[in-house]
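Descriptive analysis of the structure
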Amino acid sequence: MIALILAGGGGTRLWPVSRKDNPKQIGSIVGGDSMLRVTYFRLRKGFEPQDIFVATSADHGPAVKEQLSELPEGNVILEPCRRDTAAAIGYALLNIARARPEETFVVINSDAHVKDGEAYHRAIRAAESVVRDNPGRTALIGIRPEYPETGYGYIKMGRQFGDANDYGVFDVERFVEKPDEPTAKEYVTDGSYLWNPTLIVGSVSGFLESFGKHLSEHYHLFMKMKEVFGREGEEQSVGAFFEQLPKMSIDYGILEKMDDLLVIPAAFGWMDIGNWRTVKEVMEVGSEKNTVRGKHLEIDSVDNLIYAPDGKMIATVGLKETVVVDTGDALLVCPLDRAHEVKRLVEMMENDEETRGFL
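This report concerns the structure included in the present document. These numbers were taken from a predicted model, which means no experiment stands behind them.

What about the overall build of the protein?
Scanning the protein from terminus to terminus reveals 11 helices and 17 strands. For 359 residues, the compact-globule estimate of 2.2 N^0.38 gives 21 Å, and the protein sits close to it at 21 Å. Counting only C-alpha atoms, the protein reaches 60 × 50 × 35 Å along its principal axes. For the protein, with 359 residues in total, the buried portion stands at 53%. Sequence separation of at least 24 residues holds for 66% of the intrachain contacts in the protein that already meet a minimum separation of 6. Entry remark: accessible area of the protein is about 17000 Å², with carbon and sulfur atoms responsible for 46%. In the protein, 41 side chains carry a positive charge and 57 a negative one; their mean positions are 0 Å apart.

This is how it looks when you write it as structure tokens:
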């Protein structure tokens with residue numbers, strides 16, 4: 001089995017620590033190691049280095065190769081430019097198919113936190129057995145919700161399809177976008193809704209065929225790339241074709257269009273480190289009043305995330321449920337419950353010449 005790590009995102013919701021040249025998966029945000037290294041070490045408990053691949057942008061290729069020097073050279077697949085997850089996954093599988101077209105694979109996001117590594121690997125292997133026993137089918141791993149989260153998409157389970165390694169296997173009835181809080185509470189009570197971490201398990205050749213069925217423009221361009229593999233001028237030709245790929249997520253482009261998709265409900269303490277609120281949740285220790293990285297002096301300040309650079313102290317008075325992130329050249333202050341809106345600040349900077357240099 002192959003593990004494909006997606007490490008090409010921009011991490012815009014974790015600005016100002018996550019920057020264009022040092023996105024969240026490469027930099028150190030939670031703990032000493034980067035998210036990419038943590039993901040790699042987690043996978044190494046069930047995969048050999050030759051079976052771990054990374055899809056990332058050409059700009060981040062040198063940093064990824066430096067951090068994962070254990071990987072064979074060809075296992076870091078460089079996207080010429082960013083075209084969202086459908087392009088990233090399709091192009092990576094196209095490259096993997098050169099030598100291993102009949103392998104099964106699992107897609108792994110590089111920015112996830114997992115508490116129980118053993119349960120994580122058991123769920124992946126259960127999904128692998130489902131795909132091997134049902135050629136042509138694709139399986140997802142869904143997470144049983146621990147609380148009514150409004151920041152995640154959900155998968156609605158349908159009828160039970162069967163069992164695999166002591167896990168139930170269900171048809172996917174539908175996908176649901178991020179709900180409001182009352183709806184999220186209903187989903188938790190209902191019991192048939194799962195968080196969607198986009199943990200995809202399928203066969204390399206079979207999933208590539210799904211592009212032909214559901215994303216014909218992508219598939220057409222992938223086939224053009226395949227024709228130039230190994231030929232003179234491959235890099236330039238592939239780059240030209242890749243730039244023509246529409247920006248599309250794998251969820252919208254393929255998964256939500258499949259009518260025979262399966263899902264395995266699992267629980268292994270998964271969390272998407274997607275914004276500063278989730279960083280706070282991952283970093284929380286015990287019952288301390290605030291979650292702090294760096295030096296913090298406070299009076300009557302409760303339930304804050306304080307993130308200070310070396311050599312600097314942040315002092316607060318009467319501050320509650322707030323994110324304070326200082327990187328020396330930039331300072332972010334926002335309510336915890338609006339941490340997801342940091343992405344909008346990045347979009348504003350992209351369109352503003354005076355602040356573009358802080359991206």
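Read on, since the account is not over.
Some thoughts on the nonpolar core
With 70 residues, the main nonpolar core has V106, F268 and W276 as its most contacted residues. With residues near it in sequence (within four places) discarded, F268 still touches V114, K115, D116, A119, Y120, A123, I141, I143 and L199. Judged by nonpolar contacts, the second largest core, of 45 residues, contains L4, I155, F211 and F229.

Section: helix 8 (residues 234-243)
Inspection of helix 8 places V238, G239, F241 and F242 among the buried residues, and these make up the whole buried set. Looking straight down helix 8, one finds that the buried residues subtend no more than 165° of arc, so they occupy a single side. Turned more than 90 degrees off the buried face of helix 8, the exposed positions are Q236 and E243. Where the residues of helix 8 are buried, they touch strand 3 (76-79), helix 3 (84-96) and helix 7 (216-228).

As for the sheet that holds strand 12 (residues 291-293)
Across the sheet, 4 strands lie side by side as 12-14-16-17; this open sheet has mixed pairing. Whereas interior strands pair on both sides, the edge strands pair on one side only; in this sheet they are strand 12 and strand 17 (331-335). When the angles between neighbouring strand axes are averaged without regard to direction, this sheet yields 5°. Of the strand pairs in this sheet, strand 16 (residues 322-326) and strand 17 are connected by 5 bridges, and their pairing is antiparallel. By the bridge assignment for strand 17, T322 is matched with P335.

Here's the deal with the packing of aromatic side chains
Applying the stated criterion to the full structure yields 13 aromatic pairs. An aromatic cluster is defined as three or more aromatic residues linked by ring pairs; in this entry it consists of F105, F207, F211 and F222. The ring of Y120 carries the charged tip of R42 above its face, separated from the ring centre by 5.6 Å. In this arrangement the basic side chain of R125 is found over the ring face of F47, its NZ or CZ atom lying 4.6 Å from the centre.

Some points on the pattern of salt bridges
Throughout the structure, instances matching the rule amount to 20 salt bridges. Taking the shortest distance from any N to any O, the salt bridge between R98 and E234 comes out at 3.0 Å. Of this pair, R98 sits in the loop between helix 3 and strand 4 (104-109) while E234 sits in helix 8, placing them 136 residues apart in sequence. Of the charged contacts in the structure, one is a salt bridge between D303 and K280, with a shortest N-O distance of 2.6 Å. A residue pair is termed long-range when its members are at least 10 positions apart, and D303 in the loop between strand 13 (295-299) and strand 14 (305-307) and K280 in helix 10 (residues 276-283) qualify at 23 residues. For D303, a relative accessible area of 29% corresponds to the partly exposed category. Connected through shared salt-bridge partners, R137, R159, D171 and D260 make up one network.

A few points about the environment of E256
Tracing the sequence through the fold places E256 in the loop between helix 9 (250-253) and strand 10 (262-266). Sequence separation between E256 and H220 is 36 residues; the distance between their C-alpha atoms is 20 Å. Among all residues touching E256, those that are not within four sequence positions of it are F175, E177 and D251.

Notes on unusual backbone geometry
That bond from W15 to P16 is cis: its omega, 10°, falls within 30 degrees of zero. Position of P16 among the secondary structure elements: in the loop between strand 1 (2-6) and helix 1 (35-43). One non-glycine residue with positive phi stands out, namely D84, at about 75°. By the secondary structure assignment, D84 is in helix 3. Among the residues examined, D84 registers a relative accessible area of 40% and is labelled partly exposed. One non-glycine residue with positive phi stands out, namely D300, at about 50°.

Rules used in this analysis
Residues numbered from 1 in each chain as written. Predicted model: local features only at pLDDT ≥ 70, side-chain atom pairs only at ≥ 80, totals over all residues. Heavy atoms only, no water. Helix = DSSP H or I, 4+ residues; strand = E, 2+ residues; numbered from the N terminus. Rg over C-alpha atoms; globule rule 2.2 N^0.38 Å. Buried < 20%, exposed > 50% of the residue type's maximum accessible area, 1.4 Å probe, protein only. Contact = heavy atoms within 4.5 Å. Areas by Shrake-Rupley, 256 points an atom, 1.4 Å probe, with all protein chains shown as cover. Lys, Arg positive; Asp, Glu negative; His and termini not counted. Charge placed at Lys NZ, Arg CZ, Asp CG, Glu CD. Core = buried A, V, L, I, M, F, W, Y, C linked by side-chain atoms within 4.5 Å. Arc of directions from axis to C-beta. Pairing = 2+ DSSP bridges. Axes fitted to C-alpha atoms, helices over the stretch in contact; angles between N-to-C directions. Phe/Tyr/Trp six-rings, centres within 6.5 Å; stacked < 30°, edge-to-face > 60°. Lys NZ or Arg CZ within 6 Å of the ring centre and 35° of its normal. Salt bridge = Lys/Arg side-chain N within 4 Å of Asp/Glu carboxyl O.

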